[in-house]
Amino acid sequence: MSDGTIVADNAAATGAAEEPTPGSGADETTRSHSGDFAAGQFHADHSVPAEPVVPVPAATTSRAGRNLPAALAVGFGLGLSLIAILLFAPLVFIPVAATGVGVATWEVAKRLREADVLVPRIPLIVGGQAVFWLGWPWGASGVAGAFAATALTCMVWRLFDHGLQTAPRNFLRDTAIAVFTLAWIPLLASFATLLLLEPDGNLRVLTFMILVVCSDVGGYVAGVLFGKHPMVPSISPKKSWEGFGGSLVFSVIGGLLTVTLLLDANSMIGVVLGVGLVLVATVGDLIESQIKRELGIKDMGTLLPGHGGIMDRLDSMLPSAFVSWLVLSTLL
């Protein structure tokens, strides 16, 4: 999830204080150079006194550039809803998550097409739903079969989407990115379904979601308080090594508690899971940051106030779902 391990930096605040304000005279030089009035225009002694400027309060934003109250409200609302679903109606999680996967796929496909990358949207969205849903009745075999069929459909669709008489432009690039999107969102998300269907699956899904939140919170807190050393400035300038350390501490503690208390398992599994999720959650965040950088956008969407789009909330959860399934299926 974006902006979880930010670098402490007061440059923005300093720069904002130095910007000219209305009535400060900072733009008078420009006026004096273009203020040679022609005959008949008003002279300075006939000018109307300027009205007092009423300062407009700035929006409440975090140092990660987000509307913090809105982000917290949305985050708590989503978190409590998912906890209630997993505890009291676990199978409802599948259609809820499938909806999120569909919206996220649509957001990414829309952004790509805005950048003239013509990924086939209909096969991606419909086939992505098949990849996610078919893990329920047929497990990993259903996921693999749906993924292969959808990838092939995307290739054929893009090959003939301009008719039989016109050769497609950038066919290799567009189909490769379509298959990447299919793997990035529906395929990785399908491991949450596979995890849910295992014994105590609702608690396993809840465990991995709690650890992702621990990673985000730890990274944010440590990044704000101590962040000095950028982690990968060429991709995400606000991520710091101090924030990464905070993510590790919070996630390992969360892993120890959740694996012991929720899953009644060896606490060392929680350590392995906590470390693994921090690594892949950070990489997932960086992958989306690089994609948005190449597309020249800040967020994939605008559906969630203070967060961006659905995909902006799933970036770290998608690889975490796979690693959680792998670790818990192997060690429990």
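Residues take numbers from 1 onward in each chain, read along the sequence in its written order. Per-residue local features of the predicted model are confined to residues with pLDDT of at least 70, and side-chain atom pairs are confined, for both listing and counting, to 80 or more; whole-chain, interface and lining totals are unaffected and use all residues. Note that the side-chain values use all heavy atoms of the structure and ignore hydrogens as well as water.

Draft legend 1. Geometry of the overall build of the protein chain. Helix numbers and strand numbers start at the N terminus; a helix is a DSSP run of H or I with at least 4 residues, a strand a run of E with at least 2. For the protein chain, the helix and strand inventory stands at 12 helices and two strands. What you see in the protein chain, going N to C, is helices and strands ordered as α-α-α-α-α-α-α-α-β-β-α-α-α-α. Excluding contacts between residues fewer than 6 apart, the proportion of contacts in the protein chain whose partners are at least 24 apart in sequence is 74%. We get accessible surface area from the Shrake-Rupley algorithm with a probe of 1.4 Å; when it comes to residues, only the shown protein chains can shield them. Here the protein chain displays about 17,400 Å² of accessible surface, and carbon together with sulfur accounts for 69% of that area. Contacts were defined at the residue level, with two residues in contact if any of their heavy atoms lie within 4.5 Å.

Draft legend 2. Inspection of the environment of Arg173 at higher detail. When you line up the elements, Arg173 lands in helix H7 (residues 171–196). Considering only alpha carbons, one finds Arg173 and Leu118, 55 residues apart in sequence, at a separation of 9.1 Å. Apart from residues lying up to four places away in sequence, Arg173 is in contact with Asp116, Val117 and Leu118. Residues adjacent in sequence count toward polar contacts only when both atoms are side-chain atoms; beyond that, a polar contact is any pair of N or O atoms within 3.5 Å, and within protein one must be able to donate a hydrogen and the other to accept it. Side-chain polar atoms of Arg173 contact the backbone oxygen of Asp116, separated by 2.7 Å.

Draft legend 3. Local environment of a nonpolar patch on the surface. Nonpolar side chains (Val, Leu, Ile, Met, Phe, Trp, Tyr) within 5 Å and like charges within 9 Å form the patches, drawn only from residues with over 30% relative accessible area and no salt bridge. For this document, the term salt bridge refers to a Lys or Arg side-chain nitrogen within 4 Å of an Asp or Glu carboxyl oxygen. Together, Val213, Val217, Val221, Leu225, Phe226, Val249, Phe250, Ile253, Leu257 and Leu261 give the surface a local cluster of nonpolar side chains, amounting to about 930 Å² of exposed area. Looking at the nonpolar patch, the elements that each hand over two or more residues are helix H8 (201–226) and helix H9 (241–261). Relative to the helices and strands, Leu257 is located in helix H9. What makes Leu257 partly exposed here is its relative accessible area of 49%. Any residue under 20% of the maximum accessible area for its type is buried, any over 50% is exposed, and the rest in between are partly exposed; the area is computed with a 1.4 Å probe on protein chains only.

Draft legend 4. Local environment of helix H5 (residues 121–133). End to end, H5 covers 18 Å across 13 residues, agreeing with the expected 18 Å (1.5 Å per residue, within 8%). Among the residues of H5, Pro123, Leu124, Gly127, Gly128, Val131 and Phe132 are the ones counted as buried. End-on view of H5: buried residues confined to an arc of 150°, all on one side of the axis. Residues of H5 that are exposed and angled more than 90 degrees away from the buried face: Ile122 and Val126. The inward-facing, buried residues of H5 contact helix H4 (93–114), helix H6 (135–160) and H7. Take the residue count of a helix, subtract one, and multiply by 1.5 Å to get its expected span. In this description, one arc is meant: the one made by directions from the helix axis to the C-beta atoms.

Draft legend 5. The nonpolar core, seen in detail. Take the buried Ala, Val, Leu, Ile, Met, Phe, Trp, Tyr and Cys residues and link them wherever side-chain atoms come within 4.5 Å; each set so joined is a nonpolar core. Counting residues in hydrophobic clusters, the biggest one holds 56 residues, and the most contacted among them are Phe93, Trp184, Ile185, Val205, Phe208 and Met311. Residue contributions to this core peak at 11 residues, all from H7. Setting aside residues up to four positions removed in sequence, Val205 forms contacts with Leu86, Phe93, Ala192, Leu195 and Leu196.

Draft legend 6. Fine view of unusual backbone geometry. One non-glycine residue with positive phi stands out, namely Asn170, at about 55°. Topologically, Asn170 is positioned in the loop between H6 and H7. Residue Asn170 is classed as partly exposed on the basis of its relative accessible area of 33%. Notably, Asp200 is not glycine yet its phi reads approximately 55°, a positive angle. As for its position among the elements, Asp200 is in the loop between H7 and H8.

Draft legend 7. Expanded view of the pattern of salt bridges. Counted by the stated rule, this structure contains 10 salt bridges. Residue Lys292 is joined to Glu288 by a salt bridge in which the shortest nitrogen-to-oxygen separation is 3.8 Å. Within this pair, Lys292 and its partner Glu288 are both found in helix H10 (residues 267–295), separated by four residues, close to a single helical turn. In this structure, Lys292 and Glu288 share a single accessibility class: buried. Lys292 is the salt-bridge partner of Asp312, the closest N and O atoms lying 3.1 Å from each other. Placement of Asp312 in helix H11 (residues 310–314) and of Lys292 in helix H10 is noted, with a sequence separation of 20 residues between them. What makes Lys292 buried here is its relative accessible area of 6%.

Draft legend 8. Molecular detail of the packing of aromatic side chains. Two aromatic rings from Phe, Tyr or Trp, using only the six-membered ring of Trp, form a pair when their centres are within 6.5 Å; if the ring planes differ by under 30 degrees the pair is stacked, by over 60 it is edge-to-face, and anything between is tilted. This structure, assessed with the given rule, holds six aromatic pairs. Ring pairs connect the aromatic residues Phe191, Phe322 and Trp325, which therefore count as one cluster.

Draft legend 9. Up close: the packing of H7 against helix H12 (residues 317–331). Interaxial angles span 0 to 180 degrees and are taken between N-to-C directions of axes, which are lines fitted to C-alpha atoms, for helices over the stretch in contact. Here H7 crosses H12 at 40°, and the two axes come no closer than 8 Å. Considering the angle they form, H7 stands oblique to H12. Once H7 is placed against H12, the crossing between them reads as left-handed. Contacts from Trp184, Ile185, Leu188, Ala189, Phe191, Ala192, Leu194 and Leu195 of H7 reach H12 at Leu318, Pro319, Ala321, Phe322, Ser324, Trp325 and Leu328. Throughout, the term roughly parallel applies to angles under 35 degrees, roughly antiparallel to angles over 145, roughly perpendicular to angles from 65 to 115, and oblique to all others. Here is the rule for handedness: rotate from the far helix to the near one, and if that takes an anticlockwise turn smaller than a right angle the crossing is left-handed, while a clockwise turn gives right-handed.

Draft legend 10. Representation of the environment of Leu196 within the structure. Mapped onto the fold, Leu196 is located in helix H7. Of the residues examined, Leu196 reaches a relative accessible area of 7% and is grouped as buried. Not counting residues up to four positions away in its chain, the partners in contact with Leu196 are Leu86, Pro90, Phe93, Ile94, Gly201, Asn202 and Val205.

Draft legend 11. Representation of the pairing of strand E2 (residues 236–240). Two strands form a pair only when DSSP identifies at least two bridges running between them. With two bridges connecting them, strand E1 (residues 230–232) and E2 associate as antiparallel partners. Residue pairing in the sheet places Val232 in a bridge with Ser236 of E2. Between the end of E1 and the start of E2, which pair antiparallel, lie three residues.

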